[in-house]
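Architecture and fold: a report
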Amino acid sequence: MLLRSTALIAVFMLIASMSFGQSGADTLRASGPTIYPLPIFFYTPETGAAGGAAALLLYRDHGSSRASSITGDIIYTQKKQIIVEFSGDQYFSRGVYRLQTDLLGQQYPNKLFGIGNNTPSGSEEDYTPKSFQIKATLSARIMPNVNVGPSLRYESVSMREVDPTRLIATRTLTGSTGGASSGLGFVANWDSRDNTFAAYTGSFYQFTALFYQKFLGGDFNYSDFQFDLRNFFEVTKGQVLAVQAGAELMGGDVPFNNLARFGGQNLLRGYYDGRYRDKNGAALQAEYRVPVWWRFGVVGFAGIAQVADRVAQFGLNRFWFAAGAGVRFAWSPEERINIRLDYGIGSHSDGMYITVTEAF
């Protein structure tokens, strides 16, 4: 439902921060563009153990205080998922403009539990989509903390394997035979966080609007509006209360694989990513973070979420609840980049997550 980060991006940014510190000598101008080989490892219920390798190119635009990066990686998981990705995060004109791009190809065995907020566990079915995605956002800083710009998305999906006795095989779901989604829109955000990896103070408010149309080269017509609202409060020195609220509102013929959903490593940990999915979703979660000793810390978290076919169906008695706890190890204390181990419990559901950076 909400924007999801990956452990890989955090590793890239860690190397960037180590190589091109935000203060001090400009290492890049002395050494020029630099390429780093990087290992990858993480664990989630959706992937099992996952590993791979990546390469990162770092450079700095003249006058920019932030390093730009171009990355490539290949990942193989315990669930036999294959992921190949190339991405860029590039700054121009002294950091006024930022171009974020992502090219992703994957064959990703997954699970579907049906559509709606009350699908039974017995509805679980396996399917394997093969997909290619292109994402690009060009944003401009129009005033302090405010960034706005156009965004495009393209995804082509083919179904490699489905259960012939279950829902997808009936071809009653939009997107059950695959197809392409092509959309244009914009992103606008306010970002006053003191740190993008693990903020102590500040806020992040983002609105995304995307319009998918057949005349843009896709097979479906639908709209997608996303709201992501985060606030961070340093209750006492080093102890932080983080709160996130979000919603996704969709209309039209939405492929089932792109519906609003919750679960996974970032949104309502304890549920399988996509356990519940529909055209509209809403979520609220909070986390309390406490340093304990040396580089170690602990967190407690809880959240609620629901999905619905129509906004009018949202109700206080329709929320699913999850809670859990975790351990943090500060891999880079100066940049607040943590390795995290979380265990979340939902309704007849649970999950363990080992990855990098906070959930939000």
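Now for a look at the structure at hand. Since the structure is predicted, the reported quantities are computational estimates derived from the model, not experimental observations.

**A word on the overall build of the chain**
Of regular secondary structure, the chain possesses two helices and 19 strands. Against the compact-globule benchmark of 21 Å for 360 residues, the chain has a radius of gyration of 20 Å, which places it among compact chains. Over its C-alpha atoms, taken along the principal directions, the chain stretches across nearly 60 × 45 × 40 Å. For the chain, the residues scored as buried account for 49% of the 360 residues in total. For the chain, restricting intrachain contacts to residue pairs at least 6 apart in sequence, the fraction spanning at least 24 positions comes to 56%. If you sum the accessible surface of the chain, you get close to 16800 Å²; carbon and sulfur atoms cover 61% of it. If the 32 positive side-chain charges of the chain are averaged to one point and the 30 negative ones to another, these points end up 1 Å apart.

**Some words on the pattern of salt bridges**
Throughout the structure, instances matching the rule amount to 16 salt bridges. Several salt bridges share partner residues, and in doing so they unite R269, E287, R289, R328, R340, D342 and E358 into one network.

**Some points on the environment of L103**
Inspection of the secondary structure puts L103 in strand β5 (residues 97-107). Owing to a relative accessible area of 39%, L103 belongs among the partly exposed residues under this scheme. Along the primary structure L103 and G72 are separated by 31 residues, whereas in three dimensions their C-alpha atoms are 9.4 Å apart. Apart from the residues lying within four places of it in its own chain, the contact partners of L103 are V84, E85, F86, Q133 and I134.

**Examining the packing of aromatic side chains**
Under the defined criterion, the tally for this structure stands at 17 aromatic pairs. A centroid spacing of 5.0 Å and a plane angle of 40° characterise the contact between F207 and F227, whose relative ring orientation is tilted. In this pair, F207 sits in strand β10 (residues 202-212) while F227 sits in strand β11 (residues 222-236), placing the two residues 20 residues apart along the sequence. Look at F207 and you get partly exposed, because its relative accessible area is 24%. Put simply, the rings of F186, F207, F211, F225 and F227 touch in pairs and so form one group of aromatic residues. A cation over a ring is seen here: R269 above F301, with NZ or CZ 3.9 Å from the ring centre. Against the face of Y200 rests R336, its NZ or CZ located 3.7 Å from the ring centre.

**Thoughts on unusual backbone geometry**
Negative phi characterises most residues that are not glycine, and trans characterises most peptide bonds. Even without being glycine, K80 reaches a positive phi, approximately 65°. Inspection of the secondary structure assignment puts K80 in the loop between β3 (68-77) and β4 (82-92). You can call K80 exposed: its relative accessible area is 60%. At T357, a position not held by glycine, the phi torsion is positive, near 75°.

**As for the nonpolar core**
With 15 residues, the main nonpolar core has L112, Y127, I168, Y222 and F256 as its most contacted residues. Looking at this core, the elements with two or more residues in it are β8 (146-162) and β10. Setting aside residues up to four positions removed in sequence, Y222 forms contacts with S181, L210, F211, Y212, Q213, M250, G251, G252, D253, V254, P255 and N258. Of all hydrophobic cores here, the second largest spans 12 residues; its members include A50, A67, L104 and Y108.

The rules behind these values
Residues numbered from 1 in each chain as written. Predicted model: local features only at pLDDT ≥ 70, side-chain atom pairs only at ≥ 80, totals over all residues. Heavy atoms only, no water. Helix = DSSP H or I, 4+ residues; strand = E, 2+ residues; numbered from the N terminus. Rg over C-alpha atoms; globule rule 2.2 N^0.38 Å. Buried < 20%, exposed > 50% of the residue type's maximum accessible area, 1.4 Å probe, protein only. Contact = heavy atoms within 4.5 Å. Areas by Shrake-Rupley, 256 points an atom, 1.4 Å probe, with all protein chains shown as cover. Lys, Arg positive; Asp, Glu negative; His and termini not counted. Charge placed at Lys NZ, Arg CZ, Asp CG, Glu CD. Salt bridge = Lys/Arg side-chain N within 4 Å of Asp/Glu carboxyl O. Phe/Tyr/Trp six-rings, centres within 6.5 Å; stacked < 30°, edge-to-face > 60°. Lys NZ or Arg CZ within 6 Å of the ring centre and 35° of its normal. Core = buried A, V, L, I, M, F, W, Y, C linked by side-chain atoms within 4.5 Å.

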